[in-house]
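# A structural walkthrough
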Amino acid sequence: DSGGFQIFAMPNDRSMSEEGAKFLSYVDGKHILLTPERSIETQIAIGSDIMMVLDQCVPSTVDESIARAAMELSNRWALRSLAARGDSPQSMFAIVQGACYENLRRESAAFLSQHPFDGFALGGLAVGESKQEREDTVEYAAAMLPTDRPRYLMGVGTPIDLLEAVHRGMDMFDCIIPTAHAEQGVAYTWKGKILLRRGAYRDQEAAIDANCKCKVCTTYSRAYLHQLIKTQEPLGRTLVGIHNIHFYHELMRTMREHILADTFLAFYEATRPWLAASDEEFPVKKPNLRPKAATELGDYEVHRSSAGFHNIRQKSSGEIMHSVIPPEEEAFALYVNQSRFLERIAKEEEVVIWDVGMGAAANVMA
Ligand SMILES: [Zn+2]
């Protein structure tokens, strides 16, 4: 990559100008000026197969004027990057910017297509827009790009995102998801994702995917990977990451085969619901929500005291009856014990109860 995303991701640690982006080095505090020329010089030095032009990426949800300024600056930087390439045999891709504004994307694509780039990337997506906005933008922006050069969607995505983007005309991707999600124990398969952290996988001897030919699936059980992930053993994310990268390659290879065989649309429709699925074999049980018992009547509600017992509170006054001693205890202490009530009814003695209207008799009876 060129450093464009770092310009975006470190907004407080850099200043922007026509010339380039100025960073403060976190190593020695020195100023570093990242220009298109410097970026290409570095990419030539490391020998990348595909060099990316330096661009200014902005959040995909910014105002049109900000998106336009960033897009126009990116176009000027793209030409400077192209000039800096010299006679290097390494490929160079341009980056179409313009946030979610169709007119800006069109302008950017039309401008960059006139120049001899080896491929075209859509930049500035997966940085704040909704999934629907991204898919819409990819759909119209992909159609603006030359058909004889690769199209690369930067920073995307999950397997279902890749399927949707290929369906809309994209060819290439880069993303941290296969390894980043592996850290949380998320494994991607043809039947959707598997959350290996879940207890459902604790005792399973089966592989992540019985049909997968990767080294992890032919060697380790779900139970073992579950244990590694739960105990945060670094080996867990390495192994799940190896499977995920294998699956991503498999997915891309299969999509390519279907495109070449002209069967992609049928494949897309059949595969889409599966890739969007999660824990198909062992679905997460929805909590059994029982309707709550009524806890209010008129001006009164059931209240839970700090000591943990329930009592009654009058809503209008806030007064709590039996605020300190639970109602049952109070009834025993005041009425049952004092009147030796239990003793007397055990002897089948005749008892007369006078209730003066404060609930005492009701308490005793209870
Ligand atoms: Zn595998």
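About the criteria used
Residues numbered from 1 in each chain as written. Predicted model: local features only at pLDDT ≥ 70, side-chain atom pairs only at ≥ 80, totals over all residues. Heavy atoms only, no water. Pairing = 2+ DSSP bridges. Helix = DSSP H or I, 4+ residues; strand = E, 2+ residues; numbered from the N terminus. Domains from an automatic or database assignment. Buried < 20%, exposed > 50% of the residue type's maximum accessible area, 1.4 Å probe, protein only. Contact = heavy atoms within 4.5 Å. Donors = N, O, S within 2.8 Å, 3.2 Å for Na, K, Ca; no water. Tetrahedral: all angles 85-135°; square planar, octahedral: opposite > 155°, others 65-115°. 1 Å grid on protein atoms, 1.4 Å probe; cavity = no way out; pocket = protein on both sides within 12 Å on 5 of 7 lines; lining within 4 Å. Points joined across faces, edges and corners; volume = space filled by probe spheres on them. Nonpolar A, V, L, I, M, F, W, Y, C, P; charged D, E, K, R; others polar. Axes fitted to C-alpha atoms, helices over the stretch in contact; angles between N-to-C directions. Parallel < 35°, antiparallel > 145°, perpendicular 65-115°, else oblique. Left-handed = near helix turned anticlockwise from the far one by under 90°. Expected span 1.5 Å × (residues − 1).

Reading across the sheet, the four strands line up as β11-β12-β13-β14 and stay open at both edges, with antiparallel pairing between neighbours. In the strand order of this sheet, the two ends are held by β11 (296–297) and β14 (320–321), each with one partner. Relative to strand β12 (residues 300–304), β11 runs antiparallel, the two sharing two bridges. Residue pairing for β12: Leu297 is matched across the bridge by Tyr300.

Frequently, the measure chosen for interface size is the accessible area removed from exposure when the parts meet. For the protein, the domain assignment lists domain 1 (1–173), domain 2 (176–288), domain 3 (290–324) and domain 4 (326–366). Measuring from the centre of the C-alpha atoms in domain 2 to the corresponding centre in domain 4 gives 67 Å.

So, on to the environment of Arg202. Examined against the element boundaries, Arg202 turns out to sit in the loop between β10 (192–195) and α8 (222–230). In this structure Arg202 comes out as exposed when scored by relative accessible area, which is 51%. It is 51 Å that separates the C-alpha atoms of Arg202 and Arg106, two residues lying 96 residues apart in sequence. Discounting chain neighbours no more than four positions away, the residues touching Arg202 are Ala223 and His226.

With that out of the way, let us pick up the coordination of the zinc ion. Note on the zinc ion: its protein donors are Cys212 (SG), Cys214 (SG), Cys217 (SG) and His243 (ND1). The metal-donor distances range over 2.1 to 2.3 Å. Geometry at the zinc ion is tetrahedral, judged from its four donor atoms and the angles of 99 to 119° they form at the metal. In terms of primary sequence, the donors binding the zinc ion are separated according to C-x1-C-x2-C-x25-H. Like Cys217, Cys214 is buried.

We now examine empty space enclosed by the protein. Taking a probe equal in size to a water molecule and rolling it over the atoms shows the remaining empty space. Inspection of the entire model under this criterion finds one cavity of 30 Å³ or more. Approximately 60 Å³ is the volume found for the largest cavity. Forming the walls of the largest cavity are Arg134, Glu135, Val138, Leu153, Val156, Asp161, Glu164, Ala165 and Arg168. Looking at the lining of the largest cavity, the elements that each hand over two or more residues are α5 (131–142) and α6 (159–167). A breakdown of the residues in the lining of the largest cavity according to their chemical character gives four nonpolar, no polar and five charged.

Moving on: the layout of surface pockets. What the largest pocket holds in volume is close to 820 Å³. Residue lining of the largest pocket: 30 residues in total, with Met170, Asp171, Met172, Phe173 and Met252 positioned closest to the centre. Here the lining of the largest pocket takes nine residues from helix α9 (residues 234–260), the largest share from any one element. Split by domain, the residues of the lining of the largest pocket number at least three in each of domain 1 (1–173) and domain 2 (176–288). What lines the second largest pocket is a set of 18 residues, and nearest its centre among them are Asp1, Phe5, Met154, Gly155 and Asp174. If you tally residues by element for the lining of the second largest pocket, the top one is helix α1 (residues 4–9), at three residues.

Another aspect to go through is the packing of α6 against α9. Each pair of packed helices can be described by the angle between their axes along with the distance between the axes. As a packed pair, α6 and α9 sit with axes 11 Å apart at the nearest point and diverge in direction by 20°. Compared by their axis directions, α6 and α9 come out roughly parallel. In the packing of α6 onto α9, the handedness of the crossing is right-handed. Contacts between α6 and α9 involve Pro159, Leu162, Leu163 and Val166 from the former and Phe247, Tyr248, Leu251, Met252, Met255 and Ile259 from the latter. The residue makeup of the contact of α6 with α9, split by class, is 10 nonpolar, no polar and no charged.

A separate point is the sheet that holds strand β8 (residues 172–174). Ordered in space as β4-β5-β6-β7-β8, the five strands form an open sheet in which the pairing is parallel. With partners counted over all chains shown, the strands left at the sheet margins are β4 (50–52) and β8, one partner each. The average undirected angle you get between the axes of adjacent strands in this sheet is 30°.

Right, let's get into α5. The end-to-end C-alpha distance of α5, which contains 12 residues, comes to 16 Å, matching closely the 16 Å that a straight helix rising 1.5 Å per residue would cover. By the burial criterion, the buried members of α5 are Arg134, Glu135, Thr137, Val138, Tyr140, Ala141 and Ala142. Packing partners of the buried residues in α5 comprise α4 (102–113), β6 (119–122), β7 (151–154) and α6.

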